[in-house]
Amino acid sequence: VVQNKNKTVAILKGNKELEDFQIADFVKSVKENYYIGTFTLDSVSKNPNATLTALKKYDLAVIAKPTEAFTEEEKQVLDQFIIGGGKTIWLVDNVAIEMDSLMQTGENLAYPRDLNLNDFFFKYGVRIQPYLIKDIMATPISLATGSQGSATQYTKFPWFYSPMIYPKVPTDKNTGNPIISNLDGVRMEFSNPIELLNNGVKKTVLLQSSPYSKPIGTPIPVSLNMVDERPEQKEFDGGGNIPVAVLLEGNFKSMYQNRILPFKDVTFKERGLNNSMIVISDGDVIKNQLDKNGMPLEMGFDKWTNSMYANKEF
């Protein structure tokens with residue numbers, strides 16, 4: 001009641017991100033405390049300077065599961081938005097595979113997705129690897145297992161590519177980062193490992209896979225028959241605890257430092273003031289399902305198993 005809305009959030013469009021109906025509950029939730037609107041990068045090709053000036057009016061940009069590669073001009077706009085103090089939340093799938101289509105076909109090929117962002121994230125201190133995380137601590141999926149009379153029977157099976165993700169437990173007396181304080185399990189889908197690089201930027205792992213998880217290289221066929229697997233814990237020895245959500249804080253350096261700029265910008269800066277961003281290696285963590293009438297359900301609710309996860313709280 002007493003809080004004023006004084007921060008603005010941009011939902012980025014232009015690189016085939018999630019559709020509005022897929023993030024409807026996220027937008028509805030954010031609207032309670034912030035001004036929020038869509039911002040398209042389509043105009044970058046014609047007038048990149050004007051696009052950058054317009055984007056700088058926002059406090060935070062959310063990039064929700066892009067599936068089309070970014071141009072160098074688009075990356076310069078985002079780079080200078082960040083260097084200028086703009087916050088970002090990146091929800092990126094570096095492997096192309098969709099649960100919806102897998103449910104229809106039974107088997108699909110998972111392959112690396114080239115978003116042209118590797119050098120971008122490298123400069124800020126992380127690398128999203130083109131692997132899938134296989135985790136024994138899995139959330140279930142519901143599959144038809146035969147029919148009894150006219151009613152199809154559905155059974156829940158653990159799905160090892162949809163891990164139940166928990167906050168990283170702090171190793172010191174600290175209570176941990178407030179972003180993940182008292183957070184329950186978050187459901188992810190085809191998430192990728194995040195590698196932390198040494199570059200002077202502070203990195204806080206917010207979410208990570210279980211101790212019994214491992215990366216699986218791609219391309220690789222993914223089949224629903226995987227539910228019949230019964231992996232043993234010894235398969236995962238020496239692995240696990242793979243970062244999937246990381247908070248980056250510090251004085252970021254431009255990825256175009258000492259490089260030829262894709263477009264001329266008289267306001268270009270090589271170094272920024274103290275800033276932060278969050279990188280999450282799964283775009284589906286923000287996605288809501290739809291009910292039978294096509295209306296958005298609450299984020300974190302899985303209608304197929306009637307289960308609720310902490311995605312919305314996160």
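Heads up: the structure comes first, above all this text.
Now for a quick tour of the structure.

Each value, and the rule that gives it
Residues numbered from 1 in each chain as written. Predicted model: local features only at pLDDT ≥ 70, side-chain atom pairs only at ≥ 80, totals over all residues. Heavy atoms only, no water. Salt bridge = Lys/Arg side-chain N within 4 Å of Asp/Glu carboxyl O. Buried < 20%, exposed > 50% of the residue type's maximum accessible area, 1.4 Å probe, protein only. Helix = DSSP H or I, 4+ residues; strand = E, 2+ residues; numbered from the N terminus. Arc of directions from axis to C-beta. Contact = heavy atoms within 4.5 Å. 1 Å grid on protein atoms, 1.4 Å probe; cavity = no way out; pocket = protein on both sides within 12 Å on 5 of 7 lines; lining within 4 Å. Points joined across faces, edges and corners; volume = space filled by probe spheres on them. Nonpolar A, V, L, I, M, F, W, Y, C, P; charged D, E, K, R; others polar.

1. Topic: the pattern of salt bridges
Then, in step 1: All chains considered together, the criterion is met by 16 salt bridges.
Then, in step 2: Asp20 serves as the salt-bridge partner of Lys13, at 3.0 Å between the closest nitrogen and oxygen.
Then, in step 3: Lys13 sits in the buried class, given a relative accessible area of 18%.
Then, in step 4: The residue Glu235 makes a salt bridge to Lys214 at a minimum N-O spacing of 3.7 Å. One end of the pair, Glu235, is in the loop between β15 (220-223) and β16 (243-253); the other, Lys214, is in strand β14 (residues 213-217), with 21 residues separating them in the sequence.
Then, in step 5: The class for Lys214 is partly exposed, based on a relative accessible area of 23%.
Then, in step 6: Members of the salt-bridge network, linked through shared partners, are Lys65, Asp93, Glu98, Asp284 and Lys287.

2. Considerations on helix α2 (residues 48-55)
Then, in step 1: Along α2, the residues classified as buried are Pro48, Thr51, Leu52 and Leu55. Relative to the axis of α2, the buried residues are bounded by an arc of 100° and lie together on one face.
Then, in step 2: On its buried face, α2 sits against β1 (8-13), β2 (35-40) and α3 (72-83).

3. Details of the layout of surface pockets
Then, in step 1: Reported here for the largest pocket is a volume of approximately 920 Å³.
Then, in step 2: Contributing to the lining of the largest pocket are 31 residues, with Phe26, Leu60, Ile89, Ile278 and Phe314 lying nearest its centre.
Then, in step 3: Within this model, the second largest pocket holds a volume of roughly 720 Å³.
Then, in step 4: Lining the second largest pocket are 29 residues, and of these Asp100, Glu189, Gln289, Asp302 and Trp304 sit closest to its centre.
Then, in step 5: Of all the secondary-structure elements, those providing two or more residues to the lining of the second largest pocket are α4 (99-105), β9 (138-148) and β18 (301-302).
Then, in step 6: When residues of the lining of the second largest pocket are assigned to their parent elements, the largest contribution, four residues, is made by β9.
Then, in step 7: A class-by-class count of the residues in the lining of the second largest pocket yields 13 nonpolar, six polar and 10 charged.

Read these as geometric descriptors, not functional statements.
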